[in-house]
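Residue-level structural notes
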2 protein chains.
Amino acid sequence: MLLCDIGNSFAKFYDGKELKRIPITQIEQYRRQKVCFINVNPKVEKLLEEFENWINLEQYITLDTSYRGLGVDRKALCWGVEEGVIVDAGSAITVDVMEKGRHKGGFIIPGIRFLQRDFAEISSRLAINTLQQVDLTHLPQNTLTAISYGIIKPIILAIKQFDMRIYITGGDGELLHHYIPEALYDPLLLFKHLEKLVQRKGLC
Amino acid sequence: MLLCDIGNSFAKFYDGKELKRIPITQIEQYRRQKVCFINVNPKVEKLLEEFENWINLEQYITLDTSYRGLGVDRKALCWGVEEGVIVDAGSAITVDVMEKGRHKGGFIIPGIRFLQRDFAEISSRLAINTLQQVDLTHLPQNTLTAISYGIIKPIILAIKQFDMRIYITGGDGELLHHYIPEALYDPLLLFKHLEKLVQRKGLC
């Protein structure tokens, strides 16, 4: 079974073993294959309709929520989680809360790379190339640490404000996991949920 | 007595009653006046040395701290505060902690305008013109609120993590004060500290 998660610039394919990330412009090469996908990119919607063997999973993902406009990727991440905070740390960091199988709401924080770039633009004195690993239990004693702390600590506090199990995925997931070691970190979380969905619905 | 706070783009003058903000390029017009100033802008250092009646207050601001590279504006804001969290919400948000008259450290968060702009660049779906007033005690139920919450809540949590009196100043100070009504908000906090310093040292 080939699963696919289509974002704004890249499509990720997962065959149950390996993850492949390719530019959107190259998905044509998978046109003849059987693919179960989700898509948040309006630009490729029409093209995907032409791919006869592709199954859009969106219609099968039902989530009990009052949230309007929840992206299908966030829906899929929350799907099947009974209780917990689900964090997807990409170019934006989405945080969603599930309680007794119901989606209680969520919020969005700018991704770490954007925050880093902000500092560089505010002042050249605040430009940093790499985030320092900081001890979040102690107040910073210099600019470099003050910036890294100022990027990481507010995000961590926002995620940990709920006294619940935390699930982390996404490109910066490993970094966040370092600061929340008790969280469950799985870069394949989305695909594992899609896999379960596909099996449950008997789609592949 | 005329006080002046020189930043990267603007200089603020305060005469004890009114605050005037002018572009750095226009400070020449105050050349002959008696001015007590602080400056964080390296580009105008030489020029200021020519201004014979100008007194640089930096030498008089002593702060007990281990922090290396603390800007004179942050020093001046902390100066004279015995206990508390001092927040300056400008293009960057600086947060400094004073305990028993000693500076314990601090950190820096990108300013609200930068966070807002980040969203616009991450995705056009996340572009917002104005920050919504959000109820931070409830989880957002749509994208617009999710973004406003995602900008404000992490900042508020990072400021409130210390169980101490909070002092807020700076361009976005009023906005933050709305969410931390128990804080002391004073747009003139820096100048009030400079005033006290000048009086105590008998400089004007």
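Each residue is numbered by its place in its chain's sequence as written, counting from 1. Here the convention is simple: chains get letters from A, ligands get numbers from 1, in the order in which they are written. Local features are withheld for residues below a pLDDT of 70 in this predicted model, meaning they are given only at 70 or higher, and side-chain atom pairs are given and counted only at 80 or more; totals for whole chains, interfaces and linings count all residues. To get the side-chain values, all heavy atoms of the structure are used, and hydrogens and water are removed first.

1. Side note on the sheet that holds strand S10 (residues 184-185) of chain A
Residue and element names in this part refer to chain A. For two strands to be treated as a pair, DSSP must find at least two bridges joining them. Elements are defined by DSSP. Helices are runs of H or I of four residues or more, strands are runs of E of two residues or more, and each kind is numbered from the N terminus. The strand order across the open sheet built from 5 strands is S8-S7-S6-S9-S10, with neighbouring strands paired in mixed fashion. A single partner strand is all that each edge strand has here, and the edge strands are strand S8 (102-110) and S10. Sheet topology places strand S6 (residues 84-89) next to strand S7 (residues 92-99); 6 bridges connect them, and they run antiparallel. Each bridged residue has a counterpart across the sheet, and for Gly 84 the counterpart in S7 is Met 98. Contacting S6, S7, S8 and strand S9 (166-169), helix H4 (residues 143-160) runs over the sheet at an angle of about 175 degrees to S8. The contact definition used throughout considers only heavy atoms, calling two residues in contact when any of these lie within 4.5 Å. Interaxial angle, 0 to 180 degrees, is taken between N-to-C directions of lines fitted to C-alpha atoms, where a helix line uses only the stretch in contact.

2. Some remarks on the sheet that holds strand S8 (residues 102-110) of chain B
Ordered by their spatial adjacency, 5 strands build an open sheet running S8-S7-S6-S9-S10 (chain B), and the pairing between neighbours is mixed. In this open sheet, the two strands that pair with only one neighbour each are S8 and strand S10 (184-185) of chain B. Sheet strands touched by helix H3 (residues 112-122) of chain A: strand S7 (92-99) and S8 of chain B. Its angle to S8 of chain B, the strand with the most contacts, is close to 105 degrees. Strands strand S6 (84-89), S7, S8 and strand S9 (166-169) of chain B of the sheet are contacted by helix H4 (residues 143-160) of chain B, whose axis makes an angle of about 175 degrees with S8 of chain B.

3. A few points about the interface of chain A and chain B
Taken together, the 41 residues of chain A in the interface contact 41 residues of chain B. Note: buried area is the sum, over both parts, of the accessible area (probe 1.4 Å) each one loses when the two are combined. Across the chain A to chain B interface the summed buried area is about 3400 Å²; carbon plus sulfur atoms make up 62%. Looking only at chain A, the three residues that lose the most surface to chain B are Ile 108, Leu 139 and Gln 141 of chain A, adding up to 17% of its buried area. Only one rule defines a salt bridge in this text: a Lys or Arg side-chain nitrogen within 4 Å of an Asp or Glu carboxyl oxygen. Where chain A meets chain B, there are 4 salt bridges. Ionic pairing is found between Arg 117 of chain B and Glu 121 of chain A, a salt bridge with its closest N-O pair at 2.8 Å.

4. Re unusual backbone geometry
Leave glycine aside and you will find that most residues have negative phi; peptide bonds, for their part, are mostly trans. Positioned with a positive phi, Lys 100 of chain A is a non-glycine residue whose angle comes to about 50 degrees. As for its placement among the helices and strands, Lys 100 of chain A is situated in the loop between S7 and S8.

5. Some details on the nonpolar core
One finds Leu 57 of chain A together with Leu 57 of chain B to be the most contacted residues of the largest nonpolar core, which totals 129 residues. Residues in contact with Leu 57 of chain A, not counting those within four places in the same chain, are Leu 3, Cys 36, Phe 37, Ile 38, Leu 194, Leu 197, Val 198 and Leu 203 of chain A. Grouping buried Ala, Val, Leu, Ile, Met, Phe, Trp, Tyr and Cys residues that are joined through side-chain atoms within 4.5 Å yields what is termed a nonpolar core. To sort residues, take the accessible area from a 1.4 Å probe on protein chains only and compare it with the maximum for the residue type: under 20% means buried, over 50% means exposed, and anything in between is partly exposed.

6. Observations regarding the packing of helix H3 (residues 112-122) of chain B against H4 of chain B
All names here are of chain B. Packing of H3 against H4 leaves a shortest axis separation of 10 Å and a crossing angle of 145 degrees. Every pair of crossing elements has a handedness; the one defined by H3 and H4 is right-handed. Residues Ile 112, Leu 115, Gln 116 and Phe 119 of H3 form the contact with H4, whose participating residues are Ile 147, Ile 151, Ile 152 and Ile 155. For the contact of H3 with H4, a count of residues per class yields 7 nonpolar, 1 polar and no charged. Working rule for handedness: look at the near helix, and if it is turned counterclockwise from the far one by less than a right angle, call the crossing left-handed; if clockwise, right-handed. In this classification, the charged set is Asp, Glu, Lys and Arg, the nonpolar set is Ala, Val, Leu, Ile, Met, Phe, Trp, Tyr, Cys and Pro, and all remaining amino acids, among them Gly, are polar.

7. Quick notes on the UniProt feature "binding site: ATP" (unreviewed entry) in chain A
All names here are of chain A. UniProt positions are given in the numbering used here, feature names are shortened, and annotations may be inferred rather than shown by experiment. The UniProt feature table records "binding site: ATP" (unreviewed entry) at Asp 5, Ile 6, Gly 7, Asn 8, Ser 9, Phe 10, Ala 11, Lys 12 and Ser 91. Relative to the helices and strands, Phe 10 resides in strand S2 (residues 10-14). If sequence neighbours within four positions are ignored, Phe 10 has contacts with Asp 5, Arg 21, Ile 22, Pro 23 and Ile 24.

8. Thoughts on the relation of the copies chain A and chain B
Structural alignment of chain A on chain B gives an RMSD of 0.0 Å, achieved by rotating through 180 degrees and translating 0.0 Å along the axis. On this basis, the relationship between the two copies can be described by a two-fold rotation axis. Among all residues of chain A, the minimum C-alpha distance to the rotation axis is found for Pro 154 of chain A, at 2.3 Å. Mapped onto chain B, 100% of the interface residues of chain A again fall at the interface, so both copies present the same surface. The copies were overlaid with a least-squares fit restricted to C-alpha atoms from residues scoring a pLDDT of at least 70 in each copy.

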